[in-house]
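These are the residues of each chain, in order.
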Amino acid sequence: MSIFVPESPGLLLAANSTIPTMLKQILAKLPRKSSKNQNYPDGSNATTDLSNNGSFTNTCNVISSRLNIVKKMSSSIFPTSNGDMIQPHIAFKDVQNSEKPRLLISKLNLCSVIYDFNDQDKDNTEKDQKRQVLVEILDFLASDSIKLTEPAMSAICKTCGDNLFRELLPKYSNSPRGETEDEDPWFDPAWSHLQLVYEILLRFVSLSSLGPKVAKQYIDHSFLLRLLNLFDSEDPRERDCLKSVLHRIYGKFMVHRPFIRMAVSNIIYSFVFETEKHNGIAELLEIFGSVISGFALPLKKEHKVFLSRVLIPLHKPKSVGSYHHQLTYCVVQFIEKEPKLTSVVINGLLKYWPVVSSQKQLMFLSELEELLELIRTDEFEKIMVPLFRRISCCLDSYHFQVAERAHFFWNNKHIHHLIMCNRQVIMPIVFSSLQHNSKNHWNRTVLNLTQNVMKMFNEVDEQLVLSCQSKFEEDKSATNVVAERRRLTWEHLETTAAAATTTTCAVSC
């Protein structure tokens, strides 16, 4: 049975006047007496013959049973409003506090609808409406005293996932980033919505009332993997928002920390050894810079493996220039935590040292100077021979910036002290390059720097310089002898070949 409620006020009063009459009709149809074992719709079995037993308890049961019947029949005629169907366009201030979680879920469900921003003339009204609702949700979450229910947490994560987790369009250029001029960044046309969704997610994970034990059901491994995949976005604004969100998640959810480190390692493995294409390596390393600074001492084996297998191989790709600053910071953080790892890092740098790219050589030399400022004497002695063989090659490089940068090591007080303390080993290694520069290098600045380095060595140990000079002359003479012997051998071979050719021609004729 249903009742039509008219919109006209007069008709509404007339309809309301019929309600008592209908209730009387309903009550009149109810049985006044029942048999001894009558079963009521609520499942009770009551005895209504009050005159026979006079039980007060049975009287209460009868009344309760009849009231339940009235309640059920009236609910079918006048259904109550469903709280889950609350309209999303209602403002939070217009509902009671008990209804706000339902209103929040309703607004979040509305914002799960995705619109096409590639067509600027399509669904403009709906887009504006969604943006307004997103702003309302963001303002609602701004209160630190708010306590979210689990359905609300689930709705927030679902809405964020529906809006953020999407297929990213590849827009990689053929030229590696960091090697050429900076290209104009690409901006997502849906950023007006995406930005608000990121801010909602950041507010959500930043809530002081958010318990990690409950929230981890919704921010799970699948959610984190899809969030990490978004770091490959071409839009730098999105990567910056992702950086803030992931950093907050890493700090709040301790249970997810090992998984996040493993997932980031896998992203870097794929980048270094497979694709060499990823837009978010700098942002990921920036997050891990602060993470590494929080590692407890002594460092775990897992963390040392991250250094040797993840950070050091990141020096290999051609696009290292796009993230080298963040990479150097991470490496330095490890060295400050455990100085004995310096030799491991420097050996890794020498392994991936660029031979052709002068720009990468400059970056490596700059990083090398930062590492040598932190190195201990015992660690320096382990790597000084292979290190200065490489520096010797840089000293007489025809690229004047590389040669100039290599000479600057002697201007660093700590590195200068280490070199002079081990001059008996280092001086013979670099002397030939210094000597070659002093006579043959085309750049005047490099010539002046070479003279300054030679002057430093002369002031500290003139006898060693003379000894190296003598050895250099001997090696030069030996080289000349070998070169002359090689020339004579080739002349003999040419003469023999010519004679054999002449003899062959004479016989054939």
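Asks: Mind showing me how you'd approach the overall build of the chain here?
Replies: Each helix and strand counted, the chain has 22 helices and zero strands in total. Looking at the 509 residues of the chain, the share that counts as buried comes to 41%. Excluding contacts between residues fewer than 6 apart, the proportion of contacts in the chain whose partners are at least 24 apart in sequence is 70%. A total accessible area of about 28,700 Å² is found for the chain, and carbon and sulfur atoms account for 54% of it.

Asks: How do you make sense of the packing of helix α17 (residues 377–395) against helix α18 (residues 400–407) when you look at a structure like this?
Replies: A packed helix pair is summarised by two numbers, namely the angle formed by the two axes and the spacing between the axes. For the pair α17 and α18, interaxial distance at closest approach is 7 Å and the crossing angle is 135°. Here α18 runs oblique to α17, going by the angle between their axes. Residue-level contacts link Ile391, Cys394 and Leu395 of α17 to Val402, Ala403, Ala406 and His407 of α18. Of the residues assigned to the contact of α17 with α18, the class counts are six nonpolar, one polar and no charged.

Asks: In this structure, what is going on with the nonpolar core? I would like to understand it.
Replies: Grouped burial of nonpolar side chains is what soluble globular proteins tend to show. Formed by 130 residues in total, the largest nonpolar core has its most connected members in Leu311, Phe388 and Trp410. When residues in this core are grouped by element, the largest group, nine residues, is from helix α7 (residues 191–206). Discounting residues that sit within four places of it in the chain, Trp410 has contacts with Phe388, Leu395, His416, Ile419, Met420, Val430, Val453, Met456 and Phe457.

Asks: What am I meant to see in helix α21 (residues 444–460) here?
Replies: The α-helix advances 3.6 residues per turn, and as a result positions three or four apart in sequence lie on the same side. Between its terminal C-alpha atoms α21 stretches 25 Å, which fits the 24 Å expected from 17 residues at 1.5 Å a residue. Buried within α21 we find Val446, Leu447, Leu449, Thr450, Val453, Met454, Met456 and Phe457. Against α17, α18, α19 (413–421), α20 (423–440) and α22 (462–508) lie the buried residues of α21.

Asks: Looking at this structure, I do not really get a negative patch on the surface. What am I missing?
Replies: Residues Asp116, Asp119, Asp121, Asp123 and Glu126 make up a contiguous surface patch of negative charge. Examined against the element boundaries, Asp119 turns out to sit in the loop between α4 (100–111) and α5 (124–140).

Asks: Sorry, what's going on with the side chain of Ser433 here?
Replies: Within the fold, Ser433 resides in helix α20. Once you skip the residues sitting within four places of it in the chain, Ser433 turns out to touch Ser392, Leu395 and Asp396.

Asks: Hey, could you run me through the environment of Leu372 in this one?
Replies: Structurally, Leu372 can be placed in helix α16 (residues 358–372). Look at Leu372 and you get buried, because its relative accessible area is 0%. C-alpha of Leu372 to C-alpha of Asn412: the two residues are 40 residues apart in sequence and 9.6 Å apart in space. If we skip the residues at most four places from it in the chain, Leu372 touches Ile346, Phe380, Leu387, Phe409, His414, Ile415 and Leu418.

Asks: Before we go on, may I ask you to explain a nonpolar patch on the surface in this structure?
Replies: A cluster of nonpolar side chains, Tyr398, Phe400 and Trp442, forms an exposed patch at the surface whose accessible area comes to about 390 Å². In this structure, Tyr398 sits in the loop between α17 and α18.

Asks: Would you mind going over unusual backbone geometry with me for this structure?
Replies: Apart from glycine, the bulk of residues carry a negative phi angle, and the bulk of peptide bonds sit in the trans form. Cis rather than trans, the peptide bond between Leu297 and Pro298 has omega equal to -5°. Within the secondary structure layout, Pro298 lies in the loop between α12 (281–293) and α13 (301–311). Positive phi, normally seen in glycine, also occurs at Glu276, with a value near 55°. Mapped onto the elements, Glu276 comes out in the loop between α11 (257–275) and α12.

Asks: Would you mind going over the pattern of salt bridges with me for this structure?
Replies: Oppositely charged side chains can pair when the atoms bearing their charge come close. Counting across every chain of the model gives 19 salt bridges. With a shortest N-O distance of 3.2 Å, Arg166 and Asp188 are connected by a salt bridge. Taken as a pair, Arg166 in the loop between α6 (150–164) and α7 and Asp188 in the loop between α6 and α7 lie far apart in primary sequence, 22 residues in all. Exposure remark for Asp188: the relative accessible area of 11% places this residue in the buried category. What emerges from the salt-bridge pattern is a single network uniting Arg166, Asp188 and Glu238.

Asks: I keep staring at the packing of α5 against α7 and nothing clicks. Help me out?
Replies: Between α5 and α7, whose axes approach to 10 Å, the crossing angle comes to 20°. Between α5 and α7, the angle is such that the two are roughly parallel. Seen along the crossing, α5 lies across α7 with a hand that is left-handed. Along its contact with α5, which presents Lys127, Lys130, Arg131, Leu134, Val135, Ile137, Leu138 and Asp139, the element α7 presents Ser192, His193, Leu196, Val197, Glu199, Ile200 and Arg203. Partitioned by chemical class, the residues of the contact of α5 with α7 number seven nonpolar, two polar and six charged.

Asks: How should I be thinking about the environment of Leu210 in this particular structure?
Replies: For Leu210, the position within the fold is in the loop between α7 and α8 (212–215). In this structure, the C-alpha to C-alpha distance between Leu210 and Ile146, residues 64 residues apart in sequence, is 9.3 Å. In this view, Leu210 contacts Met153, Phe204, Val205, Ala215, Lys252 and Phe253; residues no more than four positions away in its chain are not counted.

What counts and how
- Each chain carries its own residue numbering, running from 1 in the written order of its sequence.
- Residues qualify for local features only when their pLDDT is at least 70, as the model is predicted, and side-chain atom pairs are given and counted only at 80 or more; totals for whole chains, interfaces and linings, by contrast, use all residues.
- Note that the side-chain values use all heavy atoms of the structure and ignore hydrogens as well as water.
- Helix and strand labels come from DSSP, where a helix needs a run of H or I of at least four residues and a strand needs a run of E of at least two; each type is numbered from the N terminus.
- Only protein chains enter the accessibility calculation, which uses a 1.4 Å probe. A residue is then buried if its area is under 20% of the maximum for its type, exposed if over 50%, and partly exposed in between.
- Note on definitions: a residue-residue contact is assigned when non-hydrogen atoms from the two residues lie within 4.5 Å.
- Accessible surface area values rest on a Shrake-Rupley calculation with a 1.4 Å probe, where residue burial reflects the displayed protein chains alone.
- An axis is simply a line fitted to the C-alpha atoms; with a helix, the fit covers only the stretch in contact. Between two such axes, the angle follows the N-to-C directions and lies from 0 to 180 degrees.
- By definition in this entry, angles of less than 35 degrees are roughly parallel, angles greater than 145 are roughly antiparallel, angles of 65 to 115 are roughly perpendicular, and the rest are oblique.
- For this classification, the nonpolar set comprises Ala, Val, Leu, Ile, Met, Phe, Trp, Tyr, Cys and Pro, the charged set comprises Asp, Glu, Lys and Arg, and every other residue, Gly included, is treated as polar.
- Buried residues of nine kinds, namely Ala, Val, Leu, Ile, Met, Phe, Trp, Tyr and Cys, make up a nonpolar core once their side-chain atoms join them within 4.5 Å.
- In this analysis, the expected span of each helix is defined as 1.5 Å times one less than the number of residues it contains.
- Only residues whose relative accessible area exceeds 30% and that form no salt bridge enter a patch; like-charged residues are grouped when within 9 Å of one another, and nonpolar side chains (Val, Leu, Ile, Met, Phe, Trp, Tyr) when within 5 Å.
- By definition here, a salt bridge exists when the distance from a side-chain nitrogen of Lys or Arg to a carboxyl oxygen of Asp or Glu is within 4 Å.
- Residues scored as charged are limited to Lys and Arg (positive) and Asp and Glu (negative), so that His and the chain ends carry no count.
- Note that the charge is assigned to NZ on lysines, CZ on arginines, CG on aspartates and CD on glutamates.
- Take the far helix as the reference: if the near one is turned anticlockwise from it by less than a right angle, the crossing is left-handed, and if turned clockwise, right-handed.

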